[in-house]
Amino acid sequence: MIYKEFLTAWLHEQKTFQKYSTYTNYLNIVDNHLIPDLGNFEMDEVNGDVIQNYILVKLRAGNRLTGGPISISFAKSILAVSA
């Protein structure tokens, strides 16, 4: 299974259990960050080292609108969704 399939299934489950605002935050993270950047990885390839390096890159220049860094708060949100 690739990570994109896992994230899509996970997100579908979250829609049932989360508040709308939480779900839309998760949807943003999954659709705009995790799937484009890591979605084609096999599940066994997405480990702590991959996620750590991914977050470090995002903290340097991961803002899709400005090309600048993402905030620490947003990095924590990505970590919460990707874990």
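Predicted model only: the values in this text are computed from it and were never measured. (Residues numbered from 1 in each chain as written. Predicted model: local features only at pLDDT ≥ 70, side-chain atom pairs only at ≥ 80, totals over all residues. Heavy atoms only, no water.)

Description of the overall build of the protein chain
- Summing up its helical and strand segments, the protein chain has four helices and zero strands in all.
- Relative to the globule expectation of 12 Å for 83 residues, the C-alpha radius of gyration of the protein chain, 12 Å, shows essentially globular dimensions.
- Counting only C-alpha atoms, the protein chain reaches 35 × 30 × 20 Å along its principal axes.
- At a minimum sequence separation of 6, the contacts of the protein chain that also span at least 24 residues come to 52%.
- Looking at the protein chain as shown, the accessible area adds up to about 5,400 Å², and 56% of this sits on carbon and sulfur atoms.
- Charge-centre separation for the protein chain: the mean point of 7 positive side chains lies 13 Å from the mean point of 8 negative side chains. (Helix = DSSP H or I, 4+ residues; strand = E, 2+ residues; numbered from the N terminus. Rg over C-alpha atoms; globule rule 2.2 N^0.38 Å. Contact = heavy atoms within 4.5 Å. Areas by Shrake-Rupley, 256 points an atom, 1.4 Å probe, with all protein chains shown as cover. Lys, Arg positive; Asp, Glu negative; His and termini not counted. Charge placed at Lys NZ, Arg CZ, Asp CG, Glu CD.)

A closer look at the pattern of salt bridges
- Throughout the structure, instances matching the rule amount to one salt bridge.
- Between K58 and D37 there is a salt bridge; the shortest N-O distance is 3.2 Å. Of this pair, K58 sits in helix α3 (residues 48-61) while D37 sits in helix α2 (residues 20-38), and the two are 21 residues apart along the sequence.
- The partly exposed category is assigned to D37, whose relative accessible area is 31%. (Salt bridge = Lys/Arg side-chain N within 4 Å of Asp/Glu carboxyl O. Buried < 20%, exposed > 50% of the residue type's maximum accessible area, 1.4 Å probe, protein only.)

Observations regarding α3
- Over its 14 residues, α3 runs 20 Å from end to end, which matches the ideal 20 Å to within 8%, given 1.5 Å per residue.
- Restricting attention to buried positions, one finds in α3 the residues I51, Y54, I55 and K58. Summarising the axial view, the buried residues of α3 lie within an arc of 95 degrees, below the 170-degree limit, and thus occupy one face. Turned more than 90 degrees off the buried face of α3, the exposed positions are D49 and R60.
- If you follow the buried residues of α3, they end up packed against α1 (3-17), α2 and α4 (72-82).
- Capping the start of α3 is the job of one residue whose side-chain oxygen sits 3.0 Å from the backbone nitrogen of D49: N47. (Expected span 1.5 Å × (residues − 1). Arc of directions from axis to C-beta. Polar contact = N/O pair within 3.5 Å; in protein donor to acceptor, adjacent residues only side chain to side chain.)

Here's the deal with α4
- Listed as buried for α4 are A75, I78, V81 and S82. Looking down the long axis of α4, one finds its buried residues gathered within 125 degrees of arc, a one-sided arrangement. For α4, the exposed residues lying more than 90 degrees away from the buried face are I72, S73, K76 and A80.
- For α4, the secondary structure elements touched by its buried residues are α1, α2 and α3.

Quick word on the nonpolar core
- Counting residues in hydrophobic clusters, the biggest one holds 18 residues, and the most contacted among them are Y3, V30, L34 and I78.
- Residue assignment for this core shows that the elements contributing at least two residues are α1, α2, α3 and α4.
- Sorting elements by how many residues they give to this core places α2 first, with six residues.
- Every residue in contact with I78, bar those within four places of it in the chain, is listed here: I29, L34, Y54, I55 and I70. (Core = buried A, V, L, I, M, F, W, Y, C linked by side-chain atoms within 4.5 Å.)

So, the confidence of the model for the protein chain
- Overall, the predicted model of the protein chain reaches an average pLDDT of 93, with 100% of residues at or above 70.
- Confidence scores differ between elements of the protein chain, with α3 showing the lowest mean pLDDT of 93 and α2 the highest of 96. (pLDDT = per-residue confidence, 0-100.)

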